[in-house]
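# Summary of the model geometry
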Amino acid sequence: MSPTAQTRPRPARRALSEAPFLAAARGERPARPPVWFMRQAGRSLPEYRALRQGVEMLDACFDPEMLTEITLQPVRRHGVDAAILFSDIVVPLKAAGLDIDIVPGTGPVVAEPIRDAAGLRALPVLEPDQVSKVADGVRLLVDSLGETPLIGFAGAPFTLASYLIEGGPSRNHEHTKALMHSEPELWHELAGRLADLALTFLKAQLDAGVDAVQLFDSWAGALSERDYREFVLPHSAKVLAGVADYGVPRIHFGVGTGELLVAMRDAGADVVGVDWRIPLDEAVRRLSTPGAKPAVVQGNLDPALLYAGWPVLEAEVRRILAEGRAAAGHIFNLGHGVLPGVDPDVLTRVVRLVHELGS
Ligand code: CP3
C-alpha cells in the first residue's frame, strides 16, 4: 500500500475507509481497536459443522453460496471487524488440476510429491478462470458484508512448496530444505512458479473486490534468516509487489517468525503478523527504524490460552493491547489459527473485551 501506488479501478464498493480494520492497517488508531481471528470460520462453530455435513472441504471452497455463508458465520456470531474468505491455501493448486486433497485431521496431502525436474514439469499453471467460483463467492460476500472489510489470502511460495515437496504436513521440512540447498535452481524455479500461482489467485480475489490480502507463510519460521532471505524472500516479494498497485493493505504472516520479522517486512508487507512467541512491543522495536513511524502489526494471543479460563484470558488481552500501543497501528488477532475444539462463546467474549478496552 505504498502512498504513491496507483490504485487500480476496482468494483464499486461501499465507503469502507473508516472501517477500524483498514484504519489500523494504515497505521492509525481508530476509537475501536479492530479484532478478527485466523481460522475464525470453521470447526469451532456448530453452524459450520452443520453446513459441512457430507460436503468435502475442497468442494465447499468451490461452491460460491456455501463459501459465502461460511465466511459470514463468524462475522454474525462474534462481531469481528473483518471477514476472511473461506478457502484454503491449496485451493489454487486443486483448481489448476493438481492431485491434492485435504484429509480431515491431517491437512493437505499430495498424490505425487514434487522432488525433481519431472515433478516440476507436471505442476500445472493456474488460469484465472479456474478460480472463477472463488471470485463469484467474493462478489456475493462484498454485497452482503456491509461495512465489514473482506480479507483475501494465499499461501506463500515456501509454505506451498513444503506441502508439495514433503507430500503432506511436515514437522521438519527435511525434503524441502534438502532440495533448496542441493538443487537451488530447481528450488527457485518451483518457488517462482508457486509465486505466479499465488499471484493469480490473489488477483482474482482483488478483481472481485477483497479489501485486504494476507500472505500466509505459516511454516517460514522453520528457516534461518539467511536461508529465508536467499531462498524465499525474492519469491514472496514477487507476490506482494505484484498486488501493490491495488492499493489495499498487504498482511504477511508466519508462525515462529520472531527472527524473520524484518525480512518478512522487507519482502513488502504493510502489516506484519506476529505469533505469541515474541511480545508485540519487541516485534515493533525490531521492525521500526528510529525516527520513522513505527510498524503496523497484527497479533498475537496464544490460541491455546482460549482454553485457560476467563481471568487468564482477560489479563492476556489487556497485556497484548498494552504492548500493541508501541505500534503505529495494531490489529488484534491470535498468534495462529483458532483451534477446532475451542468454545466459540469465549471468542465472542474476547471480541467484546477488545472493543470495550479500546473505547
Ligand atoms: O477463517 C479463516 O481463517 C479462513 C479459512 C482458512 C482455512 N485454511 C480453512 C480451513 C484459511 C485462511 C486457511 C489457510 C491455510 N490452510 C493455512 C495457512 C494458515 C495456517 O493455519 O497456518 C494452512 C497451513 C492450510 C493447510 C491446511 N488446510 C491445514 C493444516 C488444515 C487442517 C487440517 C485438519 O483437519 O486439521 C486444512 C483444512 C482446513 N482449512 C480446514 C479449514 C476450516 C479444516 C477442514 C474442515 O473443516 O473439515
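What comes next is a walk through the structure. (Residues numbered from 1 in each chain as written. Predicted model: local features only at pLDDT ≥ 70, side-chain atom pairs only at ≥ 80, totals over all residues. Heavy atoms only, no water.)

Turning our eyes to something else, we now look at the packing of aromatic side chains. Tallying each qualifying case throughout the model produces four aromatic pairs. Look at Tyr48 and Phe86: their rings are 5.7 Å apart centre to centre, the planes differ by 55°, and that puts the pair in the tilted class. Of this pair, Tyr48 sits in helix α2 (residues 46-52) while Phe86 sits in the loop between β1 (83-84) and α5 (91-96), placing them 38 residues apart in sequence. The class for Tyr48 is buried, based on a relative accessible area of 4%. When the centroid spacing of 6.0 Å and the interplanar angle of 80° are considered together, the rings of Phe216 and Phe253 count as edge-to-face. Here Phe216 is found in strand β5 (residues 212-216), whereas its partner Phe253 is found in strand β6 (residues 250-253), with 37 residues between them in sequence. (Phe/Tyr/Trp six-rings, centres within 6.5 Å; stacked < 30°, edge-to-face > 60°. Helix = DSSP H or I, 4+ residues; strand = E, 2+ residues; numbered from the N terminus. Buried < 20%, exposed > 50% of the residue type's maximum accessible area, 1.4 Å probe, protein only.)

Neighbouring the ligand are 26 residues; Arg39, Tyr48, Gly105, Ser218 and His336 lie closest to it. Residue Tyr48 places a side-chain N or O atom 2.6 Å away from an oxygen atom belonging to the ligand. His336 has a polar side-chain atom sitting 2.6 Å from an oxygen atom of the ligand. Within the complex, 92% of the 870 Å² of free accessible area of the ligand lies under protein. Where the shell around the ligand is concerned, the elements lending two or more residues are α2 and β3 (107-110). Residues that form the shell around the ligand fall into these classes: 15 nonpolar, seven polar and four charged. (Near = heavy atom within 4 Å. Polar contact = N/O pair within 3.5 Å; in protein donor to acceptor, adjacent residues only side chain to side chain. Areas by Shrake-Rupley, 256 points an atom, 1.4 Å probe, with all protein chains shown as cover. Nonpolar A, V, L, I, M, F, W, Y, C, P; charged D, E, K, R; others polar.)

Residue position: Arg121 is located in helix α6 (residues 117-121). Residues Arg121 and Ser162 lie 41 residues apart in sequence; the distance between their C-alpha atoms is 17 Å.

The tally for this structure, following the rule as stated, stands at 19 salt bridges. A salt bridge links Glu47 to Arg77; its shortest N-O distance comes to 2.9 Å. Here Glu47, found in helix α2, pairs with Arg77, found in helix α4 (residues 64-78); they are 30 residues apart in sequence, far enough to count as distant. Glu47 gets classed as partly exposed once you look at its relative accessible area, which sits at 25%. Asp101 is the partner of Lys94 in a salt bridge, and the nearest nitrogen-oxygen pair spans 3.4 Å. The exposure class of Lys94 is partly exposed, given its relative accessible area of 28%. One salt-bridge network, in which partners are shared between bridges, spans Glu225, Arg229, Arg265 and Asp266. (Salt bridge = Lys/Arg side-chain N within 4 Å of Asp/Glu carboxyl O.)

A separate point is the sheet that holds strand β8 (residues 296-301). Strand order in the open sheet formed by seven strands is β1-β4-β5-β6-β7-β8-β9, with parallel pairing between adjacent strands. On the outer flanks of this sheet lie β1 and β9 (329-334), each paired with one strand and no other. One ladder, built from six bridges, connects β8 with β9; its direction is parallel. When the bridges of β9 are listed, Gly299 appears paired with Phe332. Its contacts with the sheet place helix α10 (residues 184-208) against β4 (150-155) and β5, and it is angled at close to 165° to β4. On the sheet, helix α11 (residues 225-242) packs against β5 and β6 and is oriented at approximately 155° with respect to β6. (Pairing = 2+ DSSP bridges. Contact = heavy atoms within 4.5 Å. Axes fitted to C-alpha atoms, helices over the stretch in contact; angles between N-to-C directions.)

At a closest axis distance of 8 Å, the pairing of helix α8 (residues 157-166) and helix α9 (residues 174-182) adopts a crossing angle of 105°. Classed by the angle they form, the pair α8 and α9 counts as roughly perpendicular. Across from Phe158, Ala161, Ser162, Ile165 and Glu166 in α8, the residues of α9 making contact are Glu174, His175, Thr176, Leu179 and Met180. Taken together, the residues of the contact of α8 with α9 sort by class into five nonpolar, three polar and two charged. (Parallel < 35°, antiparallel > 145°, perpendicular 65-115°, else oblique.)

Before going further, it helps to spend a moment on the packing of helix α7 (residues 132-144) against α10. Taken N-terminus to C-terminus, the directions of α7 and α10 make an angle of 35°; their axes are 8 Å apart at the nearest point. As α7 packs across α10, the resulting crossing turns out to be right-handed. Across the interface between the two elements, Val134, Ala135, Val138, Arg139 and Val142 from α7 touch Phe201, Ala204, Gln205 and Ala208 from α10. Looking at the contact of α7 with α10, its residues break down into seven nonpolar, one polar and one charged. (Left-handed = near helix turned anticlockwise from the far one by under 90°.)

Fair warning: the whole summary comes from geometry, so function is off the table for now.
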